[in-house]
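Commentary on secondary and tertiary structure
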Amino acid sequence: MARQPPGMGGTEYGLEARTKDEKYSIEIQLDERTYDEIKEMGDLDNFIIGITLPDTVTEVEDFAFFNPLIKYVTAPGLKTVRESGLDSNIIYLDSPNIEYVGIYGLACNIPEINLEKCKVAEANAFSTNPLLKSVNLPMLTVVDEQLFEDCFRVTDINLPSAKEVRDGAFKRCYQLK
């Protein structure tokens, strides 16, 4: 079932989803309530705490998982995160193949961003993350506007391929030296 970080709790369920071209399974982690209790309330989104996507899912569309309750995401095949695609309270991300992050795509609470294959991150892609301390984006060539805005605790940034740093990229990154 779902590969989540230790201590998340909850109960795992497999759901089936369908795209235009294919059917696939999404494993989710729900809070401590039972699936039947949640189903009776009628709004499953309000109880999801974690998501595992299959290797075949390579893109998360705009606002796909715009949910403040999601704490972890495992998506080994994911390459593209569109606008606010994973804009939530995620504290754990296991998705090593991400190459593109759209506006607010990963505006979350991950303490460490390690995306070795990421080549493009649009404005505010990682902003407003109060827990972010460490960043490793070795393939990123343009550090876009407000990319890390309001990441108050960031202290360690590795951007060896950066050729351009745009206005406000590190605005209010008070711990950065």
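In this text the structure is predicted, and so the values were computed from the model without any measurement. (Residues numbered from 1 in each chain as written. Predicted model: local features only at pLDDT ≥ 70, side-chain atom pairs only at ≥ 80, totals over all residues. Heavy atoms only, no water.)

**So, the overall build of the protein**
- Each helix and strand in the protein was counted, giving one helix and 14 strands.
- Residues classed as buried in the protein amount to 42% of the 177 residues present.
- For the protein, the share of sequence-separated contacts (at least 6 apart) that also reach a separation of at least 24 residues comes to 12%. (Helix = DSSP H or I, 4+ residues; strand = E, 2+ residues; numbered from the N terminus. Buried < 20%, exposed > 50% of the residue type's maximum accessible area, 1.4 Å probe, protein only. Contact = heavy atoms within 4.5 Å.)

**Structural notes on the confidence of the model for the protein**
- Across the protein, pLDDT averages 82, with 73% of residues at or above 70.
- Predicted confidence is poor over residues 6-19, with pLDDT under 50, and the contacts of this stretch with residues over four places away or in other chains come to 45 contacts. (pLDDT = per-residue confidence, 0-100.)

**Focus: the nonpolar core**
- Ranked by internal contacts, the top residues of the largest apolar core, which has 36 residues, are Leu86, Val101, Leu115, Phe126, Leu137 and Phe148.
- Each residue touching Leu115, except ones within four places of it in the same chain, is listed here: Ser95, Ile98, Val101, Leu106, Phe126, Asn136, Leu137 and Pro138. (Core = buried A, V, L, I, M, F, W, Y, C linked by side-chain atoms within 4.5 Å.)

**A look at the sheet that holds strand β4 (residues 59-60)**
- Spatial ordering of the open sheet is given by β4-β6-β8-β10, a layout of four strands whose pairing is parallel. The open sheet is flanked by β4 and β10 (120-121), the only strands paired with a single partner.
- As paired strands, strand β6 (residues 80-81) and strand β8 (residues 100-101) are joined by two bridges and run parallel to one another. Counterpart to Thr80 in the pairing with β8 is Tyr100. (Pairing = 2+ DSSP bridges.)

**Description of a nonpolar patch on the surface**
- Together, Ile91, Tyr92 and Leu131 line one region of the surface with nonpolar side chains, adding up to about 220 Å² of accessible area.
- As for its position among the elements, Tyr92 is in strand β7 (residues 92-94).
- Residue Tyr92 is classed as partly exposed on the basis of its relative accessible area, which comes to 31%. (Patch = residues over 30% accessible without salt bridge, like charges linked within 9 Å, V, L, I, M, F, W, Y side chains within 5 Å. Areas by Shrake-Rupley, 256 points an atom, 1.4 Å probe, with all protein chains shown as cover. Salt bridge = Lys/Arg side-chain N within 4 Å of Asp/Glu carboxyl O.)

**With respect to the pairing of strand β3 (residues 48-52)**
- Counting buried positions along β3 yields five of five residues, so the element is predominantly enclosed.
- Of the pairings in the sheet, the one linking β3 to strand β5 (residues 72-74) comprises three bridges and is parallel in character. By the bridge assignment for β5, Ile51 is matched with Val73.

**Quick word on the environment of Pro68**
- One can find Pro68 in the loop between β4 and β5.
- For Pro68, a relative accessible area of 54% translates into the label exposed.

**Things to note about the pattern of salt bridges**
- Applying the stated rule across the entire model yields six salt bridges.
- Salt-bridge contacts for Lys171 lead to Glu149; the nearest nitrogen and oxygen are separated by 3.9 Å. You can see Lys171 sitting in the segment after β14 (164-165) and its partner Glu149 sitting in the loop between β12 (142-143) and β13 (156-158), a full 22 residues away along the chain.
- The salt bridge partner of Arg172 is Glu149, with a shortest N-O separation of 2.9 Å. Here Arg172 is found in the segment after β14, whereas its partner Glu149 is found in the loop between β12 and β13, with 23 residues between them in sequence.

**Describing the side chain of Asn124**
- Within the element layout of this structure, Asn124 appears in the loop between β10 and β11 (134-136).
- For Asn124, a relative accessible area of 9% translates into the label buried.
- Apart from the residues within four sequence positions on either side, Asn124 is in contact with Tyr104, Ala107, Glu145, Gln146, Leu147 and Glu149.

**Details of the side chain of Asp150**
- With respect to the element layout, Asp150 can be found in the loop between β12 and β13.
- The buried category is assigned to Asp150, whose relative accessible area is 15%.
- The contact partners of Asp150, leaving out residues within four places of it in the chain, are Thr128, Asn129, Lys171 and Arg172.

**Regarding the sheet that holds strand β9 (residues 112-114)**
- In spatial order, the strands read β9-β11-β13; together these three strands make up an open sheet with parallel pairing. In this open sheet, the two strands that pair with only one neighbour each are β9 and β13. Here the strands of the sheet are splayed against their neighbours by 5° on average, with no regard to which way each runs.
- In terms of strand pairing, β11 meets β13 through three bridges, oriented parallel. For Asn136, the partnering residue across the bridge sits in β13 and is Asn158. (Axes fitted to C-alpha atoms, helices over the stretch in contact; angles between N-to-C directions.)

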